[in-house]
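Next come the chains, spelled out residue by residue.
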Amino acid sequence: MIFRKLVSPLYHHVLITGLLFAGLAAVFPVFALTPPPLTLKGQSAENAPIEVRLTRDDIASFPQQSVTTSMPWVNGKATFSGVNLQTLLTHYQLKPGTIHLTALNQFTAELNWQDMETYQPVLAVRHNDEWMRVRDYGPFWLVFALDTYPNLIDKGFLEKMVWQINEINVVP
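Residues numbered from 1 in each chain as written. Predicted model: local features only at pLDDT ≥ 70, side-chain atom pairs only at ≥ 80, totals over all residues. Heavy atoms only, no water.

**A word on the nonpolar core**
General note: in soluble globular proteins, nonpolar side chains tend to be found buried as a group.
At step 1: Counting 44 residues, the largest nonpolar core has Leu89, Ile99 and Ile168 as its most contacted members.
At step 2: A total of four residues in this core trace back to one element, the largest contributor, which is strand E7 (residues 122-127).
At step 3: Isoleucine 99 has contacts with Leu85, Leu89, Ala109, Glu110, Leu111, Trp113, Met116, Ile168, Asn169 and Val170, leaving out every residue within four places of it along the chain. (Core = buried A, V, L, I, M, F, W, Y, C linked by side-chain atoms within 4.5 Å. Buried < 20%, exposed > 50% of the residue type's maximum accessible area, 1.4 Å probe, protein only. Helix = DSSP H or I, 4+ residues; strand = E, 2+ residues; numbered from the N terminus. Contact = heavy atoms within 4.5 Å.)

Structural data, given as structure tokens:
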């Protein structure tokens, strides 16, 4: 009788916890396995609206470019790889303009088109050959080659190196 009183609450707790996790996995399976997508917005040359949702795999399917650089958020030098931002925007034929970057936490930064053309930042999806997770600045991080262009630090470009990007909106 005493054994039954001790085991029964424990069994009940384990059963309820297991059912809860199984239910969450059934309802939200995509969130557990898939990083959030990137929304790319802008206008075409004919002023038609463009809006595309891209997964990490979509970004990885573009020609990849690597940048090895030092930055305040990582120890020593790190290698980041992903698509060149200009390659991505021109692929979708977005009309040039101010590039607005928005992160998952609603942090925003702006980058003008000319600076993008000059400094060729990479929309990184990998850090030292590993997929970037949300908890590790991913899945999308705009990275400039700070070792190649050290003057960018003085020009305020660190704030333009947005991580956890979920939206890029180009406004002509």
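There is more to say, and it comes next.
**Observations regarding the confidence of the model for the chain**
At step 1: Averaged over all residues, the pLDDT of the chain is 87; the fraction at 70 or higher stands at 81%.
At step 2: Counting interchain partners and residues more than four positions distant, the pLDDT-below-50 stretch residues 12-31 has one contact. (pLDDT = per-residue confidence, 0-100.)

**Details of the pattern of salt bridges**
At step 1: Applying the stated criterion across every chain, the model contains three salt bridges.
At step 2: One salt bridge in this structure joins lysine 77 and aspartate 147, with 3.1 Å as the shortest N-O distance. In this pair, lysine 77 sits in strand E4 (residues 77-84) while aspartate 147 sits in the loop between strand E9 (141-143) and helix H6 (151-154), placing the two residues 70 residues apart along the sequence.
At step 3: Note on aspartate 147: relative accessible area 35%, which makes it partly exposed.
At step 4: With its nearest N and O atoms 2.7 Å apart, the salt bridge here joins aspartate 136 to arginine 133. (Salt bridge = Lys/Arg side-chain N within 4 Å of Asp/Glu carboxyl O.)

**A closer look at the sheet that holds strand E2 (residues 49-54)**
At step 1: The strand order across the open sheet formed by five strands is E2-E1-E10-E5-E6, and the pairing between neighbours is mixed. Strand pairing shows two members of the sheet lacking a second neighbour, E2 and strand E6 (108-111), which therefore form its edges. Ignoring which end each strand starts from, the neighbouring axes of this sheet average 15° apart. (Pairing = 2+ DSSP bridges. Axes fitted to C-alpha atoms, helices over the stretch in contact; angles between N-to-C directions.)

**Section: the packing of aromatic side chains**
At step 1: Going through the model one piece at a time under the given rule, you end up with 10 aromatic pairs.
At step 2: Taking 5.2 Å as the distance between ring centres and 75° as the angle between the ring planes, the aromatic pair formed by tryptophan 73 and tryptophan 163 counts as edge-to-face. Of this pair, tryptophan 73 sits in the loop between strand E3 (65-70) and E4 while tryptophan 163 sits in the loop between H6 and strand E10 (165-171), and the two are 90 residues apart along the sequence.
At step 3: Judged by centre distance (5.3 Å) and plane angle (85°), the rings of phenylalanine 144 and phenylalanine 157 are edge-to-face. Taken together, the residues phenylalanine 144 in the loop between E9 and H6 and phenylalanine 157 in the loop between H6 and E10 connect sequence positions 13 residues apart. A single burial state applies to phenylalanine 144 and to phenylalanine 157, both of which are buried.
At step 4: Among the aromatic residues, ring-to-ring pairing joins Trp73, Phe80, Tyr137, Trp141 and Trp163 into one connected group.
At step 5: When the ring centre of phenylalanine 157 is taken as reference, the NZ or CZ atom of lysine 160 above it lies at 5.6 Å. (Phe/Tyr/Trp six-rings, centres within 6.5 Å; stacked < 30°, edge-to-face > 60°. Lys NZ or Arg CZ within 6 Å of the ring centre and 35° of its normal.)

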